[in-house]
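Geometric and topological summary
These are the residues of each chain, in order.
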Amino acid sequence: MFKRALPALTLCFLTLPALAQTAPVADAPTPAADTAPAAEAGEPLPQTVLVSGQRPGPGLWKVSKGEHVMWVFGAYDSLPKSIEWRSRDAERKIAQSQEYLGGPGMGVGVGWSAVTALPFMVGFKKNPDGVTLKDLLTPEMYARWEPLKQKYFAKDDDIERERPVFVAQELYRRAMAEAGLARGPEPREVLGKLAEKHNIKFTPTRVQVQVKEPVKTVREFKKAVMEDVPCLVATMNSLGAEVEAIRVRANAWAVGELDAIEKLNFDERETACTNAFLSSAITRLQPEILTAKQRSMDNWMAAAEKALENNTSTFTVLSMREVLSPQGALAKLKAKGYTVEKPN
């Protein structure tokens, strides 16, 4: 029970950033063999061909200040399950570097004190007061939900009693799996192990927030209402188009098609699902969670500038969004006067 229940305590803020990622399919390029119409709710997702085998991913971005260089790997987590990622160029650059900067991010921990919360974990993911999805959704939206339920949750009637935000997260996860895509930090894990292999200094930039009162947090969360219906509605409305856009992105990333990658829209559809998170009792009890992401990015920027000042060569990993966005980390470094060069 401990292994199953404990992760649920932090599921809402650990999984929602992934759930919110999207791009309009019309903004994405369509490589050969990747032409397929977006599916309507409840219909099978398009069977677009995904690349397979060993793939290098994109090249490395170069940030420099005089003779000092920082090599930046742009990571994309939703990759075809059938590829084996490997970049010999990244391996060489890591071996030649004096420091490896961990990417920005946030984590939420509950520690062993959470054992005391276990008796209260039963029903953690369910709506309060026995409310069901049929009670929460309009008749029109529930009619859209029913074929999706039949497709992805045919033998799981308990899903009807779960909070919409959890239903949306699991619906999205199952649709991604069906499409042959895997969410996970596999390239980051490979790169981190290479840094360990070469005994490179590691500098973390993530921010970890510890849940202070697990019992109180669980009790408050279970009885509080969340503004999470829009999250499920938005997920149902865009599911087919969103997964198809991610498939196109994954192909472009895996084969290192820089021109295609630069045209991709990496803006996140955060509003509906982020608002659900912001309305939860967890963030009301620990408001510092709300600033953790920005504090982590501040940590990374400070570490990057220090590394560029002190090291001949530094290696780091950023999400592709931070690499390409006009408001991303590389754009901010460029605005500060650093030279930023894209891969050849």
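The residue numbering used here restarts from 1 in each chain and proceeds along that chain's sequence as written. With the structure being a predicted model, the display of local features is reserved for residues of pLDDT at least 70 and the display and counting of side-chain atom pairs for 80 or more, all residues being used for whole-chain, interface and lining totals. The basis for the side-chain values is all heavy atoms of the structure; hydrogens and waters are excluded.

Take the overall build of the protein chain next. Helix and strand counts for the protein chain come out as 15 helices and 12 strands. Note on classification: 1.4 Å probe, protein chains only; a residue is buried when its accessible area is under 20% of the maximum for its type, exposed when over 50%, partly exposed between these limits. Within the span of the protein chain, comprising 344 residues, buried residues form 51% of the whole. Taking contacts inside the protein chain between residues at least 6 apart in sequence as the whole, the part at least 24 apart equals 86%. With residues, only the protein chains shown are counted as cover, and all accessible areas are computed by Shrake-Rupley using a 1.4 Å probe. Taken as a whole, the protein chain presents about 16400 Å² of accessible surface, with 52% of it coming from carbon and sulfur. Helix numbers and strand numbers start at the N terminus; a helix is a DSSP run of H or I with at least 4 residues, a strand a run of E with at least 2. Should any heavy atoms of two residues lie within 4.5 Å, those residues are counted as being in contact.

The share of residues in the protein chain with pLDDT of 70 or more is 73%, and the mean pLDDT across the chain is 77. Confidence per residue, as judged by the predictor, is encoded in pLDDT with a range of 0 to 100. Predicted confidence is poor over residues 1-47, with pLDDT under 50, and the contacts of this stretch with residues over four places away or in other chains come to 118 contacts. pLDDT under 50 marks residues 114-120. Its contacts with residues more than four places away, or in other chains, come to 14 contacts.

This paragraph deals with the sheet that holds strand β3 (residues 68-75). Whether two strands pair depends on DSSP finding at least two bridges between them. As summarised here, the arrangement of the 6 strands in space is β9-β6-β11-β3-β2-β12, forming an open sheet in which the pairing is mixed. One side of each edge strand has no neighbouring strand; the edge strands of this open sheet are β9 (201-203) and β12 (339-341). In this sheet, adjacent strand axes meet at a mean angle of 20 degrees when their direction is disregarded. Note on geometry: axes are C-alpha line fits, over the in-contact stretch for helices, and angles between N-to-C directions span 0 to 180 degrees. Taken strand by strand, helix α3 (residues 88-95) contacts β3, β6 (99-101) and β11 (313-319), and its axis lies near 135 degrees from that of β11.

In a helix, the anticipated span is given by 1.5 Å times the number of residues less one. With 12 residues, helix α7 (residues 186-197) extends 17 Å between its outermost C-alpha atoms, agreeing within 8% with the 16 Å of an ideal straight helix rising 1.5 Å per residue. Listed as buried for α7 are Pro187, Leu191, Leu194 and Ala195. For α7, the angular spread of buried residues about the axis comes to 100 degrees, placing them on one side. Exposed residues lying more than 90 degrees from the buried face of α7 are Lys193, Glu196 and Lys197. The positive-phi residue at the C-terminal boundary of α7 is Asn199, with phi of around 55 degrees. Relevant arc is that of directions from the helix axis to the C-beta atoms, nothing else.

In what follows, salt bridge is the name for a side-chain nitrogen of Lys or Arg lying within 4 Å of a carboxyl oxygen of Asp or Glu. All told, the structure shown has 12 salt bridges when counted by the stated rule. The partner of Glu178 in a salt bridge is Lys151, and the shortest N-O contact between them spans 2.9 Å. Separated by 27 residues along the polypeptide, Glu178 in helix α6 (residues 164-178) and Lys151 in helix α5 (residues 139-152) bring together distant segments of the chain. Residue classification places Glu178 among the partly exposed residues on the basis of a relative accessible area of 34%. In this structure Lys151 comes out as partly exposed when scored by relative accessible area, which is 30%. Across the pair Glu220 and Lys223 runs a salt bridge whose closest N-O atoms are separated by 3.3 Å. Residue Glu220 and its partner Lys223 are both found in helix α8 (residues 214-223); the two are separated by 3 residues, about one turn of the helix. Under the relative-accessibility criterion, Glu220 is labelled partly exposed at 27%. Using a relative accessible area of 56% as the deciding quantity, one classes Lys223 as exposed.

The next subject is the side chain of Arg163. Tracing the chain through its elements places Arg163 in the loop between α5 and α6. We treat Lys and Arg as the positive residues and Asp and Glu as the negative residues; His and chain ends play no part in the count. Buried charge Arg163 goes without a salt bridge, the closest partner of opposite sign being Asp228 at 5.2 Å. Pairing of N or O atoms within 3.5 Å defines a polar contact, subject to two protein rules: one partner must be a possible hydrogen donor and the other a possible acceptor, and residues neighboring in sequence count only if both atoms are side-chain atoms. A distance of 3.0 Å separates a polar atom in the side chain of Arg163 from the backbone oxygen of Ala224. Discounting chain neighbours no more than four positions away, the residues touching Arg163 are Phe124, Lys125, Lys126, Asn127, Pro128, Phe221, Lys222, Lys223, Ala224, Val225, Met226 and Asp228.

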